[in-house]
Amino acid sequence: MGASQSGIKRDIMEKASTNFSNGRFQSEKSNKELKDPIRRPGTNIILNHDFSGGLHLWHPNCCDGFVVSSDCDYPPGLSAAFNGCFAVITNRKECWQGLEQETTDRVSVGSTYTVCAWVKISGGSHYMAGVQATMKLEYQDSSVCYSCIGRTCASKERWEKIEGTFCLSTMPSRVIFYVEGPLPEFELHINSVEIFCASSGDSDKSNKELKDPIRRPGTNIILNHDFSGGLHSWHPNCCDGFVVSSVCDYPPGLSSAFNGCFAVITNRRECWQGLEQEITDRVSVGSTYTVCAWVKISGGSHYMAGVQATMKLEYQDSSVCYSCIGRTCASKERWEKIEGTFCLSTMPSRVIFYVEGPLPEFDLHISSVEIFCASSGDSDDFIPLSLFYGILELNQCFIFYGILKLNQRR
C-alpha cells in the first residue's frame, strides 16, 4: 500500500487547477453539515454511514478499500480540515468499480428515498472527475438493472455532494446502493452516505399527471413536448423514429393503457442513439432548469433497461461536453419518469437535449418531455454543466459503461 499512499499524498497537496480558481464551483459544505445526520428527518437506512466502524457492512466492488480516520497521519494535510472517517477505494481497473452496500431489507415499494453522499478523488491526470451514486436492482429472473441516482463533479481538494432520489415500483430480490466512477486512474474517497425515506405511498403516476404540463409553473421550453405534432422539432440521433397515437394499433396492447402520442425510436445500433431537440435559444446562463421525461422500452431480451436524459454542449472551439441529467430503469409494461436539473455556467454555441439508451436491441419510447425554468440567476445548489469536463472520453467510459457492460459487472 506504500506506493498508493505516496500517490494520495502527492495528490492531496496539489494546488487547484487554474481552470477552477475563479470560484464558480461552490458546492463545498461545512464540516457540520457534512457530518450531521440529525438535520435530516427519519432514519438513515445506510448502516455504518460514516465509516466509524471501518468498512463493516460495506463491500469494495472488484477493487480494494480501507478507511482513514481523523487521527491518522495519512493522507497528510487532510485531518486538519476534516473531523471523521472516510473510505478510500483503490486498485480500480474499471469505471464502475467502487463501494457498495445492500439495502434490500430496508427499502419498500412506493416509498421515495433521498440520497446524499460526499466524495473526493485522488490520483489521475485531471483535477476533477465525475462520480455517481447508483442503484443496482437484481431480479429473480437473473436480470439486473442499474439506475443513476445522482452525480457530481468530484475534485481533489474538497468534498463534493452527490444528491438524488429514487423510488421502487417493484421489489427486486436484491437492492444494492453503491458509489462508482471516476476513470480507473483515480482513487475514490467516500464519506457520510445517507439515505432517508422522504415519503411513502404508491409511486405510480396517473395518466393525468403524465400528460398535464399545466401543473408545473412557467413555460415548457421543449417544443412539441407531447409529440402531438409528430416529430416536428425533434431529430432521431443516427437512428429512425416515428410517432404513435392512441388510435394506432402499434405497439399492440399499449394504446388501451395510454391516452396520447409518444415517439418510438428504432433501428438503433449504439447505446447513445435516441431522440434530441436543440434548445440553445431557450436557455440562459445562471438559470436552473428542471427536467421530466416519461419513457418505456420494447424489444430486447430483458424486462428492464437503463434510459437517461443527457445534455450535449457544443462550444466554439469545437469541444463537446456531455452531462447526464437524470436516469431511470425503464420497463416494457409502464411509463417510468426521468427527473433531473441543470444549470449553465457559460453559454455554449449549441445546447442539445436528448434521451438515450438502452442497449441497441431495445426500441425506446418517449412521451411528454418537459423542461421548465425553476429559478433565474446564480445557483450554488446545482452543478454547472460546463464543469463536467470529462468531455467525450469520460462520457463514453463512464456514463454508458453501466449500459454497455451489464453482463460484465459482478
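Summary of the structure given here.

1. Some details on the overall build of the protein
What the protein contains, in helices and strands, is 5 helices and 20 strands. Taken over 410 residues, the protein has a buried fraction of 54%. Once local pairs closer than 6 in sequence are excluded, the contacts in the protein between residues at least 24 apart make up 79%. A total of about 17,100 Å² of accessible surface is found on the protein, and carbon and sulfur atoms cover 49% of it.

2. So, the state of the cysteines
Taken as a whole and assessed by the stated rule, the structure comprises 0 disulfides. In this structure Cys-63 is not part of a disulfide, and its nearest cysteine sulfur, from Cys-62, lies 7.2 Å away.

3. Comments concerning the pattern of salt bridges
In total, this model carries 12 salt bridges according to the counting rule given. A salt bridge links Arg-174 to Glu-138; the shortest N-O distance between them is 3.3 Å. Of this pair, Arg-174 sits in strand S9 (residues 174-180) while Glu-138 sits in strand S6 (residues 128-138), placing them 36 residues apart in sequence. Notably, a salt bridge pairs Glu-160 with Arg-158, separated by 3.1 Å at the nearest N-O pair. Taken together, the shared-partner salt bridges in this structure form one network comprising Glu-102, Lys-136, Glu-138 and Arg-174.

4. Here we look at the packing of aromatic side chains
Summed over all chains, the structure comprises 6 aromatic pairs. Where Tyr-289 meets Phe-342, the ring centres are 5.1 Å apart and the plane angle is 20°; that geometry is what we call stacked. With Tyr-289 in strand S15 (residues 288-299) and Phe-342 in strand S18 (residues 336-343), the pair connects residues that are 53 residues apart, well separated along the chain. In this structure Phe-342 comes out as buried when scored by relative accessible area, which is 0%. Its end group placed over the ring of Trp-159, Lys-120 keeps NZ or CZ at 5.6 Å from the ring centre.

5. With respect to the pairing of S9
Where burial is concerned, most of S9 is hidden: 6 out of the 7 residues are buried. Where strand S4 (residues 99-102) meets S9, 4 bridges bridge the pair, whose relative direction is antiparallel. Bridge assignment links Glu-100 to a residue of S9, and that residue is Tyr-178. Relative to S9, S6 runs antiparallel, the two being bridged by 7 bridges. Paired with Leu-137 across the strands is Val-175, a residue of S9.

6. Here's the deal with unusual backbone geometry
With an omega of -5°, the peptide bond running from Gly-181 to Pro-182 counts as cis. In this structure, the amide linkage connecting Gly-357 to the following residue, Pro-358, adopts the cis form with an omega of 0°. Mapped onto the secondary structure, Pro-358 falls in the loop between strand S19 (350-356) and strand S20 (362-375). Despite not being glycine, Cys-238 has its phi angle at roughly 60°, a positive value. Within the fold, Cys-238 resides in the loop between strand S11 (235-236) and strand S12 (240-244).

7. Digging into the sheet that holds strand S16 (residues 304-314)
The 5 strands are arranged S11-S14-S19-S16-S17 in an open sheet whose pairing can be described as antiparallel. Each end of this open sheet is capped by a strand with a single partner; those strands are S11 and strand S17 (320-331). When S16 meets S17, the two strands line up antiparallel, connected through 11 bridges. Residue pairing for S17: Leu-313 is matched across the bridge by Cys-321.

8. Points about the nonpolar core
Soluble globular proteins tend to bury their nonpolar side chains together. Counting residues in each nonpolar core, the largest one holds 39 residues, and the members touching the most others are Val-119, Val-131, Phe-166, Phe-177, Val-179, Ile-190 and Ile-195. Contributing elements (two or more residues each) for this core: strand S3 (86-90), strand S5 (112-123), S6, strand S7 (144-155), strand S8 (160-167), S9 and strand S10 (186-199). Not counting the four nearest positions on each side in its chain, Ile-190 is found in contact with Phe-51, Phe-86, Ala-87, Ile-89, Leu-99, Trp-118, Val-119, Trp-159 and Val-179. With 37 residues, the next largest nonpolar core counts Ile-297, Leu-344, Leu-364 and Val-369 among its residues.

9. Structural notes on the sheet that holds strand S2 (residues 64-68)
Overall, antiparallel pairing links the 5 strands, which are arranged S2-S3-S10-S5-S8 in an open sheet. On the outer flanks of this sheet lie S2 and S8, each paired with one strand and no other. Each strand of the sheet is rotated relative to its neighbour by a mean of 30°, with strand direction disregarded.

10. Focus: the pairing of S20
Of all 14 residues in S20, 11 are buried, a share of seventy percent or more. Sheet topology note: the strand S13 (residues 262-266)/S20 ladder contains 3 bridges and is antiparallel. Bridged to Val-264 within S20 is His-365. In this sheet, S20 lies alongside S15 in antiparallel orientation, the contact comprising 11 bridges. For Ile-297, the partnering residue across the bridge sits in S20 and is Leu-364.

Cut-offs applied
Residues numbered from 1 in each chain as written. Predicted model: local features only at pLDDT ≥ 70, side-chain atom pairs only at ≥ 80, totals over all residues. Heavy atoms only, no water. Helix = DSSP H or I, 4+ residues; strand = E, 2+ residues; numbered from the N terminus. Buried < 20%, exposed > 50% of the residue type's maximum accessible area, 1.4 Å probe, protein only. Contact = heavy atoms within 4.5 Å. Areas by Shrake-Rupley, 256 points an atom, 1.4 Å probe, with all protein chains shown as cover. Disulfide = S-S within 2.5 Å. Salt bridge = Lys/Arg side-chain N within 4 Å of Asp/Glu carboxyl O. Phe/Tyr/Trp six-rings, centres within 6.5 Å; stacked < 30°, edge-to-face > 60°. Lys NZ or Arg CZ within 6 Å of the ring centre and 35° of its normal. Pairing = 2+ DSSP bridges. Core = buried A, V, L, I, M, F, W, Y, C linked by side-chain atoms within 4.5 Å. Axes fitted to C-alpha atoms, helices over the stretch in contact; angles between N-to-C directions.

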